[in-house]
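The lines below spell out each chain.
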Amino acid sequence: MGKIVPIQNGYCSNLDYRRICSIDTEVIDTPTTPLIHQMSRFWLINEGQGILKLQDREYELKPGTIVSILPWQISDVIQVDSPLQYYLLAYYFDNINAIIKSIYNSDSQPLNLIEEMTGCPVVQCGKEEYTEIRTVFEQLRAETGVESVKPAEESGRLHSLYVKNKLVELIVLYLRAGERSKTASPPARPGIQKSDILHYMYNHLSEKLTLANLSRLFFMSESSISAYITQTTGLSFFDLLNEMRVGKTINFLLYTNLTMEELAEILGFVDSSHICKVFAARVGMKANDFRKTYQNVYEICDIRMTRDAYEIVTYIYRNYAENLTPQSTAEQFHISLKELNTILLYQVEKNFSDFLNFVRVNRASELLKRTDKSITQIAIDVGYNSAKTLTRNFLRFRTMTPGAFRQSIEIQENTL
């Protein structure tokens, strides 16, 4: 990209930071400029025709289209054939995701919202689907008011419960529409693309991200990744990390009772002093003062993201090449198998086996490009018993064989 892309603010509502969502009606009659979204949002197209570019992929917009945009994705309406009129719903994804997993998904069935919503971000609804989804938008508009005209006053616990239930209902309707309309999105491209760097960083803030790690994952040089981030956002790599971390900090301060020490651990800060210093510099007020002023006590989520959860993820990252099993890992942390999978589904949106294989495939990808080792040797190095097992999992996560990956993917040194 030749120009710095503006970054949308990190709140659902500019009028009341405590709101878990806001809704508005917007019209686009000419092509827009790219925008980086800190806040999740849905668009429901009611009128008009056009083309949306989301994460460097193009999608048709027309009446009945619903669009899902997740944090730190880049959107741009590149063509308007007739003026687009749509409902815009901004909401805190992390909070709703936690509510769905901790309350609604009581049977702990595999549920990877990020993966499912990223895989099918634009859905062309049928007539009945559109009517159902529009009804939910209008019910939320009646309950919360219109952000740019007259937001409604909150009316106690039932207001909060009503809004959360409607947001969950909307996500379920959207996912079901996507399942019935897989042709709405183009086939997923193999591997991870440059346009996914920002979104990946946001979803892995707790992993002590470095340019070296991103280089291995995206198969670009560290200098190319650094230049892409700066030319896209106007921020350095570390400034962008802090910007993302502050955005998540705001969400936690508003909707949880986690301590600053716990937040520092969760979000990758050095310690509580570091998170407080960065927060004050970015927001203009102390973190605890922000919490006292804006925290919505009705929205506080019951699930607490503890150090134990992050220790489990770290343990798998560091010991992926060993003979790890769900049983041995659960015993290591003195928890049940169900608790282990519940923690991993909440934390990384994969069960134990899927997450372990995901880590192994990522490590194998690095070895395939940076060494001359045979595929069999690489399979053994990352913890598999045979090349056949590596190949089976490689096809799942990379949609190609290890051999094809080694031949087709190159490290990008000059991408800008």
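Use the structure listed above.
Cut-off values and rules
Residues numbered from 1 in each chain as written. Predicted model: local features only at pLDDT ≥ 70, side-chain atom pairs only at ≥ 80, totals over all residues. Heavy atoms only, no water. Helix = DSSP H or I, 4+ residues; strand = E, 2+ residues; numbered from the N terminus. Buried < 20%, exposed > 50% of the residue type's maximum accessible area, 1.4 Å probe, protein only. Contact = heavy atoms within 4.5 Å. Polar contact = N/O pair within 3.5 Å; in protein donor to acceptor, adjacent residues only side chain to side chain. Salt bridge = Lys/Arg side-chain N within 4 Å of Asp/Glu carboxyl O. Core = buried A, V, L, I, M, F, W, Y, C linked by side-chain atoms within 4.5 Å. Domains from an automatic or database assignment. Pairing = 2+ DSSP bridges. Expected span 1.5 Å × (residues − 1). Axes fitted to C-alpha atoms, helices over the stretch in contact; angles between N-to-C directions. Parallel < 35°, antiparallel > 145°, perpendicular 65-115°, else oblique. Nonpolar A, V, L, I, M, F, W, Y, C, P; charged D, E, K, R; others polar. Phe/Tyr/Trp six-rings, centres within 6.5 Å; stacked < 30°, edge-to-face > 60°. Lys NZ or Arg CZ within 6 Å of the ring centre and 35° of its normal. Disulfide = S-S within 2.5 Å.

Q: Help me out: how do you make sense of the overall build of the chain in this one?
A: For the chain, the helix and strand inventory stands at 18 helices and nine strands. Across the 416 residues in the chain, those meeting the buried criterion constitute 51%. Here the analysis covers contacts within the chain between residues at least 6 apart in sequence; of these, 75% occur between residues at least 24 apart.

Q: Please explain the side chain of Ser221 as it appears in this structure.
A: Structurally, Ser221 can be placed in the loop between α6 (211–218) and α7 (222–233). With relative accessibility at 9%, the residue Ser221 sits in the buried group. Separated by 3.2 Å, the side chains of Ser221 and Ser223 make a polar contact.

Q: What's the story with the pattern of salt bridges in this structure? I'm lost.
A: Working definition: two side chains of opposite charge can pair if their charged atoms are close together. Under the definition given, this model contains twelve salt bridges. The salt bridge involving Glu366 is made with Arg216; its shortest N-O contact spans 3.6 Å. In this pair, Glu366 sits in helix α15 (residues 352–370) while Arg216 sits in helix α6, placing the two residues 150 residues apart along the sequence. The closest approach of N and O atoms between Asp239 and Arg282, which form a salt bridge, is 3.7 Å. Separated by 43 residues along the polypeptide, Asp239 in helix α8 (residues 237–255) and Arg282 in helix α10 (residues 272–283) bring together distant segments of the chain. For Arg282, a relative accessible area of 33% gives the class partly exposed.

Q: Before we go on, may I ask you to explain the nonpolar core in this structure?
A: Taken as a class, soluble globular proteins show a tendency for nonpolar side chains to be buried jointly. Ranked by internal contacts, the top residues of the largest apolar core, which has 73 residues, are Phe42, Ile66, Tyr91 and Phe137. Shared between two domains, this core takes at least three residues from each, and those domains are domain 1 (7–184) and domain 2 (195–353). Apart from the residues within four sequence positions on either side, Ile66 is in contact with Phe42, Trp43, Leu44, Pro121, Val122, Val123, Cys125, Ile133, Phe137, Leu170 and Tyr174. If you look at the next biggest cluster of nonpolar residues, it comprises 27 residues, including Phe219, Val313, Ala330 and Phe394.

Q: Before we go on, may I ask you to explain the pairing of strand β3 (residues 40–54) in this structure?
A: Within β3, twelve of the 15 residues are buried, which leaves it mostly tucked inside the rest of the structure. Summarising the sheet, β3 and strand β6 (residues 73–91) pair through 13 bridges and their orientation is antiparallel. Residue pairing for β6: Leu44 is matched across the bridge by Tyr87. In this structure, β3 lies alongside strand β4 (residues 57–61), joined through five bridges in antiparallel fashion. Within the sheet, the bridge partner assigned to Gly50 lies in β4 and is Leu61. Joining the antiparallel neighbours β3 and β4 is a turn of two residues, in which Gln55 adopts a positive phi near 55°.

Q: Whenever I open this one, α8 confuses me. Can you help?
A: Each full turn of the α-helix corresponds to 3.6 residues, which orients residues three or four apart in the same direction. An ideal rise of 1.5 Å per residue puts 27 Å on 19 residues; α8 measures up with 28 Å between its terminal C-alpha atoms. Burial of α8 is extensive: 16 of the 19 residues sit out of reach of the surface.

Q: I would appreciate a short explanation of the pairing of β6 in the present structure.
A: Within a regular strand, side chains alternate between the sheet's two faces. Across the 19 residues of β6, 14 count as buried, placing the element largely inside the fold. Examined bridge by bridge, strand β2 (residues 35–37) and β6 share three bridges and lie antiparallel to one another. Paired with Leu35 across the two strands is Ser75, which belongs to β6.

Q: In this structure, what is going on with the packing of α15 against helix α17 (residues 387–398)? I would like to understand it.
A: The description of two helices packed together rests on the angle between their axes and the distance between the axes. One can describe the packing of α15 onto α17 by two numbers: an axis separation of 9 Å at closest approach and a directional angle of 95°. When the axes of α15 and α17 are compared, the pair comes out roughly perpendicular. Along its contact with α15, which presents Asp354, Asn357, Phe358, Val361, Asn362, Ala364, Ser365 and Leu368, the element α17 presents Leu390, Asn393, Phe394, Arg396, Phe397 and Arg398. The residue inventory of the contact of α15 with α17, partitioned by class, reads seven nonpolar, four polar and three charged.

Q: Would you mind showing me how to read the packing of aromatic side chains here?
A: Here the structure, examined in full by the defined rule, presents 13 aromatic pairs. With a centroid separation of 5.1 Å and 70° between ring planes, the pair formed by Phe237 and Phe238 is classed as edge-to-face. Residue Phe238 is classed as exposed on the basis of its relative accessible area of 57%. With centroids separated by 5.6 Å and ring planes inclined at 75°, the aromatic side chains of Phe279 and Phe290 adopt a geometry described as edge-to-face. Taken together, the residues span a long stretch of sequence, with Phe279 in helix α10 and Phe290 in helix α11 (residues 287–294) at a distance of eleven residues. Considered together, Phe279 and Phe290 belong to a single accessibility category, that of buried residues. One Lys or Arg, Arg360, reaches over the ring of Tyr384 and ends 5.2 Å from the middle of that ring.

Q: Looking at this structure, how should I read the side chain of Asn251?
A: Tracing the backbone shows Asn251 in helix α8. In contact with Asn251, other than residues within four places in its own chain, are Tyr92, Asp94 and Asn95.

Q: Help me understand the environment of Glu207, please; the structure alone is not making it clear to me.
A: The residue Glu207 is located in the loop between α5 (197–203) and α6 in this model. With 103 residues separating them along the chain, Glu207 and Tyr310 place their C-alpha atoms 9.0 Å apart.

Q: Teacher, can you tell me more about the state of the cysteines here?
A: Between two cysteines, a covalent bond joining their sulfur atoms is known as a disulfide. A complete count under the given rule lists zero disulfides for this structure. Just so you know, Cys21 is unpaired, no disulfide at all, and the nearest cysteine sulfur is the one on Cys12, 6.7 Å from it. With relative accessibility at 3%, the residue Cys21 sits in the buried group.

So yeah, pure geometry; function would need other evidence.
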